[in-house]
Amino acid sequence: MKSPINIPINASIKYNVVIGRNLFNNISKRIKELKGDCTVAIITDDIVNSLYGEEVTKELSNNNIKNYKFVFPNGEKSKNINTLSEILEFLAGNTINRNDLIIALGGGVVGDIAGFAAAIYLRGIDYLQIPTTFLAAIDSSVGGKTAIDLEAGKNLAGAFKQPIEVICDVETFKTLDEKIFADGIAEAIKYGVLFDEELFNRFLQDRVTANSEDIIDIVKKCVEHKRDIVANDEFDRGKRQLLNLGHTVGHAIERCSNYEITHGHAVAAGMGIIARASEKKNIAREKISEKIEKALIKNDLPINSDYSTEELYEKAIKDKKVLGTNINLIVPEKIGNCKLYNIKTEEIKEFIELGKE
């Protein structure tokens, strides 16, 4: 068996993203190396708990690490202030202190809400990310963005809180429904469109699956791109905003569907819409929409949305990226290069209209 890959992240705290197979057997050893003696609070959802909850708690208990577990219903609808409040009460009720550790065991929703709890409980305690989805492994578990959704929109309350380590076992991807795995493909394609034509072309060749021989290499490349961005703009004031390619429209699609459309599928549609609009507004320096559409379709992802321009615009102008009367929209110029395009918020409607045609 190959040794795990370690990718150092140089943020306000330095930590590693560890990528490999069958890593759950060494969680206790790594916790003791990072933290010494501590109590662990595992935050997870009901689906992940049914798959890995017993395995992780048993591994911790067998290595004399006291642990508690909080389980909430799977899905974006749980990423709210009520669940966050329940987690905080759970931590306090079990006397978790500043020397202890939260483990975020699950996908993006688990990582976001557990990380936010770690940021605000006792004014901050350490947490460890163990992503179990492709999307969380390559994107949301790295870089320290944590959040919950509010009624008005997605990720409107949150904090920057870096984990002390990210442990990514790609074997967990094999338990994912094909649709959930494809959510991660959308984010991986995004990295290709943003920074890496070679990576993008991989998604034109054939459909990526959890069993693809190069899955570890794909995760590695995506994390390396995220690492570079975070090292230069940890707090999202500049180039890190590029990672929102497809997200302004994507978040609007999620909200319109009341989160029935998953994040990756919404982002895929958002990328398709923005790519077509970029061509029609002569921002793109080459024909890109056809390439992006082909990569998305090959990987069973959408390229458009059935929601009207008005419906999407109404949600998009409440996006957290709106600054006063302006927003930075991320538009592709060519595969491997995108730019921040500062526009008035009302101009989003034109982009959506052009992109949906």
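The structure under discussion appears in the preceding block.
### Details of the pairing of strand β11 (residues 326–334)
Counting buried residues in β11 gives eight out of nine residues, a clear majority hidden from the surface. Hairpin connection between strand β10 (residues 322–323) and β11: a loop of two residues separates the two successive antiparallel strands, and Gly324 in this loop has a positive phi of roughly 65°. The pairing of β11 with strand β12 (residues 337–344) spans eight bridges and is classified as antiparallel. Within the sheet, the bridge partner assigned to Ile330 lies in β12 and is Leu340.

### Observations concerning the environment of Ile125
Mapped onto the fold, Ile125 is located in the loop between α4 (108–120) and β6 (126–131). Sequence separation between Ile125 and Ile96 is 29 residues; the distance between their C-alpha atoms is 9.3 Å. When near neighbours in sequence (up to four residues on either side) are disregarded, Ile125 contacts Ile96, Asn97, Arg98, Asp100, Ile102, Ala118 and Lys161.

### Thoughts on the sheet that holds strand β4 (residues 67–72)
One open sheet holds the seven strands; their spatial order is β1-β2-β9-β6-β5-β3-β4, and the pairing between them is mixed. Of all the strands in the sheet, the pair left with one neighbour each is β1 (5–10) and β4. When the angles between neighbouring strand axes are averaged without regard to direction, this sheet yields 20°. With two bridges connecting them, β6 and strand β9 (residues 165–169) associate as parallel partners. If you follow Leu128 over to β9, its bridge partner there is Glu165. The sheet contacts of helix α1 (residues 27–35) involve β2 (14–20), β3 (40–45), β5 (101–106), β6 and β9, and relative to β5 the element is tilted by about 145°. Sheet strands touched by helix α2 (residues 46–62): β3, β4 and β5. Its angle to β3, the strand with the most contacts, is close to 160°.

### Things to note about the packing of helix α6 (residues 178–195) against helix α7 (residues 197–205)
It is at 7 Å that the axes of α6 and α7 come closest, and there the two elements cross at 140°. Considering their axes alone, α6 and α7 lie oblique with respect to each other. Where α6 crosses over α7, the two elements pack in a sense that is left-handed. Taken together, the residues of α7 that come into contact with α6 (itself represented by Ile185, Ala188, Ile189, Tyr191, Gly192, Val193 and Phe195) are Glu197, Leu199, Phe200 and Phe203. A class-by-class count of the residues in the contact of α6 with α7 yields nine nonpolar, one polar and one charged.

### Some remarks on the nonpolar core
Formed by 52 residues in total, the largest nonpolar core has its most connected members in Phe134, Phe173, Phe181, Ile189, Phe203 and Val219. Among the elements that line this core, the one with the most residues is α6, at nine residues. Non-local contacts of Phe173, meaning those with residues more than four positions away in its chain, are made with Thr132, Thr133, Phe134, Ala137, Cys168, Phe181, Ala210, Ile215 and Val219.

### What to know about the sheet that holds β12
Strands sit in the order β10-β11-β12 across an open sheet of three strands; the sheet is antiparallel. The sheet is open, and its two edges are formed by β10 and β12, each paired on a single side. Where helix α13 (residues 348–356) meets the sheet, its contacts fall on β11 and β12, and the angle it forms with β12 comes to roughly 130°.

### Some points on α13
Every buried residue of α13 is accounted for by Ile348, Phe351, Ile352, Leu354 and Gly355. If you follow the buried residues of α13, they end up packed against α9 (247–256), α10 (263–280), α12 (309–316), β11 and β12.

### Thoughts on unusual backbone geometry
Outside of glycine, negative phi angles account for most residues, and trans bonds account for most peptide bonds. Phi angles above zero are rare outside glycine, and Asn22 is one such case at about 55°. Tracing the chain through its elements places Asn22 in the loop between β2 and α1. What makes Asn22 partly exposed here is its relative accessible area of 41%. In this model, Asn64 sits at a positive phi of 60°, which is unusual for a non-glycine residue. Looking at the element boundaries, Asn64 is found in the loop between α2 and β4.

### As for the packing of aromatic side chains
Taken as a whole, this structure holds seven aromatic pairs when the rule is applied. Centre to centre, the rings of Phe160 and Phe235 are 5.2 Å apart; their planes meet at 85°, and the pair counts as edge-to-face. Here Phe160 is found in strand β8 (residues 153–160), whereas its partner Phe235 is found in the loop between α8 (215–232) and α9, with 75 residues between them in sequence. By relative accessible area, Phe235 is classed as partly exposed at 36%. Judged by centre distance (6.0 Å) and plane angle (70°), the ring pair of Tyr341 and Phe351 falls under edge-to-face. Of the two residues, Tyr341 is situated in strand β12 and Phe351 in helix α13; the sequence distance between them amounts to ten residues. Taking the relative accessible area as the measure of exposure, Phe351 reaches 0% and is therefore buried.

### With respect to the packing of α7 against α8
Each pair of packed helices gets described by two things: the angle between the helix axes and the distance between those axes. In the contact formed by α7 and α8, the axes pass within 11 Å of each other and the chain directions differ by 145°. For the pair α7 and α8, the sense of crossing is left-handed. Judged by residue contacts, Glu198, Leu199, Arg202 and Phe203 of α7 engage Ile218, Lys221, Cys222 and His225 from α8. Of the residues assigned to the contact of α7 with α8, the class counts are four nonpolar, one polar and three charged.

The rules behind each value
- Residues numbered from 1 in each chain as written.
- Predicted model: local features only at pLDDT ≥ 70, side-chain atom pairs only at ≥ 80, totals over all residues.
- Heavy atoms only, no water.
- Buried < 20%, exposed > 50% of the residue type's maximum accessible area, 1.4 Å probe, protein only.
- Helix = DSSP H or I, 4+ residues; strand = E, 2+ residues; numbered from the N terminus.
- Pairing = 2+ DSSP bridges.
- Contact = heavy atoms within 4.5 Å.
- Axes fitted to C-alpha atoms, helices over the stretch in contact; angles between N-to-C directions.
- Parallel < 35°, antiparallel > 145°, perpendicular 65-115°, else oblique.
- Left-handed = near helix turned anticlockwise from the far one by under 90°.
- Nonpolar A, V, L, I, M, F, W, Y, C, P; charged D, E, K, R; others polar.
- Core = buried A, V, L, I, M, F, W, Y, C linked by side-chain atoms within 4.5 Å.
- Phe/Tyr/Trp six-rings, centres within 6.5 Å; stacked < 30°, edge-to-face > 60°.

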